[in-house]
Amino acid sequence: MQEIEIGRGKRGRRAYSFDDIAVVPSRRTRDPEDVSTTWQIDAYHFDIPVLSAPMDSVVSPATAVALGRLGGLGVLDLEGLWTRYEDPEPLLAEIAGLDPAVATRRMQELYAEPVKPELITSRLAEVRAAGVTVAGALSPQRTQEFWKVVVDAGVDLFVIRGTTVSAEHVSGSSEPLNLKRFIYELDVPVVVGGAATYTAALHLMRTGAAGVLVGFGGGAAHTTRTTLGIHAPMASAVADVAAARRDYMDESGGRYVHVIADGGMGTSGEIVKAVACGADAVMLGAALARATEAPGRGWHWGPEAHHAVLPRGERVHVGTVAPLAEILTGPGRAADGTTNLVGALRRSMATTGYSDLKEFQRVEVVVSPYQPTR
């Protein structure tokens, strides 16, 4: 493992982003039609390895249903505008039209409205009524308060998502969430994260989580590196967590925990590299916020953007490129990797000779010595 001397008193490990690496073809190629992009977590089977990031700019109950029908998984933010207001559409339109100078302050005001348990129930019921897999996300801070409402509403997959989530949160002012006890007592599979190191991921796997989200601070709408100085280059982070999954399988006698890359994947090539580094699936924010159906209307933001005390994100303009179906499965209308994301993954797997996602995790990867423009 390469370490670099930052100064006489500090050394740092060299880490790589997706821009730093490239996938290498092997001796075999395949037909794209012979390639499978299916994956399964617990009892739930999906045609494409795509989860939506639980962000108001990406997911409404309607878009969660649409993504589910396209073979992916829509994850609803259960602390967003949809669970604070009966009709959030005018507020979503207002956020899209805000002047940048006042956007953060106004969003803080809008998100100060309390989360209403009855709206959590009704939004999840709306997704369930469509017959797709139901997933909702809470932050670690809100999980204690609302988990029973979520489970009683009939959620299939429970996501606990924060900037960073640890199995050992220490607090002198409140009782922290005991992840191991919480997951053990729940009747639904739990996906938890973010994590970005081997050790942190291994501890999360030992809590009984069905999946671990990898990454923090690297998404299009994050300013975590600027505000907190924290950032995890995603190629190294995914590879480290995939190694933790391998070692945990040996430790646990064969229990497989799914690795889900979360952040830093705005184009199809970055999704390809995430799987190549060991991800079973990807959680997409900006890539899906570009859909014509996206609630953000061409704008993208996460919960970090309206934090009441220390905003660590911002509202960013990502534009609108195509309907959700074209973004995911094509046909592509541009050559910039923003449409037909799954078609590109399928073609990359075929070009390198792999027939399914788990096989493709073994593909050869090189560190690219240059920054190509395409």
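In this structure, Gly 71 sits in the loop between helix H1 (61–69) and strand S7 (75–77). The class for Gly 71 is buried, based on a relative accessible area of 8%. Spatially, the C-alpha atoms of Gly 71 and Asp 47 are 4.6 Å apart, while their sequence positions differ by 24 residues. In this view, Gly 71 contacts Phe 46, Asp 47 and Ile 48; residues no more than four positions away in its chain are not counted.

Put simply, Gly 193 and Gly 194 share a cis peptide bond, and its omega is 15°. Among the secondary structure elements, Gly 194 is positioned in strand S10 (residues 190–195). Looking along the chain, the bond that leaves Gly 330 and enters Pro 331 is cis, with omega of 5°. Relative to the helices and strands, Pro 331 resides in the loop between helix H12 (324–329) and helix H13 (341–352). The backbone of Arg 297 shows a phi angle near 55°, a positive value even though the residue is not glycine. Tracing the chain through its elements places Arg 297 in the loop between helix H11 (286–289) and strand S14 (299–300). We classify Arg 297 as partly exposed; its relative accessible area is 39%.

Another aspect to go through is the packing of H1 against helix H4 (residues 117–129). Running from amino to carboxyl end, H1 crosses H4 at an angle of 30°, the nearest separation of the two axes being 9 Å. Compared by their axis directions, H1 and H4 come out roughly parallel. When you trace H1 past H4, the crossing you get is right-handed. Of H4, the residues touching H1 (which contributes Pro 61, Ala 64 and Val 65) are Arg 123, Glu 126 and Val 127. In the contact of H1 with H4, the residues fall into four nonpolar, no polar and two charged.

We now examine the sheet that holds strand S12 (residues 258–262). One open sheet holds the eight strands; their spatial order is S6-S13-S12-S11-S10-S9-S8-S7, and the pairing between them is parallel. Of all strands in the sheet, those with a lone pairing partner are strand S6 (50–52) and S7, marking the two edges. With strand direction ignored, the average angle separating the axes of adjacent strands in the sheet is 30°. The pairing of S12 with strand S13 (residues 281–284) spans three bridges and is parallel. By the bridge assignment for S13, Ile 260 is matched with Ala 281.

Turning our eyes to something else, we now look at the pattern of salt bridges. In total, this model carries 16 salt bridges according to the counting rule given. For Glu 79, the salt bridge is made with Arg 142, and the minimal N-O distance between the two is 3.9 Å. Taken together, the residues span a long stretch of sequence, with Glu 79 in the loop between S7 and helix H2 (89–96) and Arg 142 in helix H5 (residues 140–152) at a distance of 63 residues. Using a relative accessible area of 13% as the deciding quantity, one classes Glu 79 as buried. On the basis of relative accessibility, which here comes to 24%, the residue Arg 142 falls in the partly exposed class. Here Glu 145 makes a salt bridge to Arg 142, at a shortest N to O gap of 3.6 Å. In this pair, Glu 145 and Arg 142 both sit in helix H5, three residues apart, roughly one turn of the helix. Three or more residues are tied together by salt bridges with common partners; here these are Glu 3, Glu 5 and Arg 11.

Procedures and definitions
- Residues numbered from 1 in each chain as written.
- Predicted model: local features only at pLDDT ≥ 70, side-chain atom pairs only at ≥ 80, totals over all residues.
- Heavy atoms only, no water.
- Helix = DSSP H or I, 4+ residues; strand = E, 2+ residues; numbered from the N terminus.
- Buried < 20%, exposed > 50% of the residue type's maximum accessible area, 1.4 Å probe, protein only.
- Contact = heavy atoms within 4.5 Å.
- Axes fitted to C-alpha atoms, helices over the stretch in contact; angles between N-to-C directions.
- Parallel < 35°, antiparallel > 145°, perpendicular 65-115°, else oblique.
- Left-handed = near helix turned anticlockwise from the far one by under 90°.
- Nonpolar A, V, L, I, M, F, W, Y, C, P; charged D, E, K, R; others polar.
- Pairing = 2+ DSSP bridges.
- Salt bridge = Lys/Arg side-chain N within 4 Å of Asp/Glu carboxyl O.

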